[in-house]
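Spelled out, the chains give:
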Amino acid sequence: MKRSEEEIAIRCRPILGQPDVIDLVGKSSSPTAAYDLVISIGKDDETAKAARWLAVLRRDYPVAYQRLVNSKK
């Protein structure tokens, strides 16, 4: 099931004020890799899940991802 752009954007809100996490998502190769990278730097599970959702947004809705990331930098 493909989730809507709006739903995914809401799920990644917890990290939108964390440029270090957003940068890790941008460097990741997949949503799972984004989750793993964020966990590896000592962030909590909620943050890692939000990072995974941001990576899903990048994969499924690249224009929305760019718009969201650029508005938070």
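In the block above lies the structure referred to throughout.
Since this is a predicted model, take the numbers as computed values, not measurements.

Visitor: Could you give an account of the nonpolar core, naming the residues involved and the relevant values?
Guide: Among the nonpolar cores identified, the biggest contains 22 residues, and Ile15, Val25, Val38, Ala51, Leu54, Leu57 and Leu68 are the most heavily contacted of them. Those elements that provide at least two residues to this core are helix H2 (19–27), helix H3 (31–40), helix H4 (45–60) and helix H5 (62–72). For this core, the element with the most residues is H4, which contributes eight residues.

Visitor: Which residues make up the packing of aromatic side chains, and what are the values?
Guide: Scanning all chains against the criterion turns up zero aromatic pairs. A cation over a ring is seen here: Lys2 above Tyr61, with NZ or CZ 5.1 Å from the ring centre. Above the ring of Trp53, the side-chain terminus of Arg52 is found at 5.7 Å from the ring centroid.

Visitor: I'd like a rundown of the side chain of Arg58, residues and numbers included.
Guide: The residue Arg58 is located in helix H4 in this model. A polar atom in the side chain of Arg58 sits 3.1 Å from the backbone oxygen of Ser28. When sequence neighbours within four positions are dropped, the list of residues in contact with Arg58 reads Val25, Gly26, Lys27, Ser28, Ser29, Ser30 and Tyr65.

About the criteria used
Residues numbered from 1 in each chain as written. Predicted model: local features only at pLDDT ≥ 70, side-chain atom pairs only at ≥ 80, totals over all residues. Heavy atoms only, no water. Core = buried A, V, L, I, M, F, W, Y, C linked by side-chain atoms within 4.5 Å. Buried < 20%, exposed > 50% of the residue type's maximum accessible area, 1.4 Å probe, protein only. Helix = DSSP H or I, 4+ residues; strand = E, 2+ residues; numbered from the N terminus. Phe/Tyr/Trp six-rings, centres within 6.5 Å; stacked < 30°, edge-to-face > 60°. Lys NZ or Arg CZ within 6 Å of the ring centre and 35° of its normal. Polar contact = N/O pair within 3.5 Å; in protein donor to acceptor, adjacent residues only side chain to side chain. Contact = heavy atoms within 4.5 Å.

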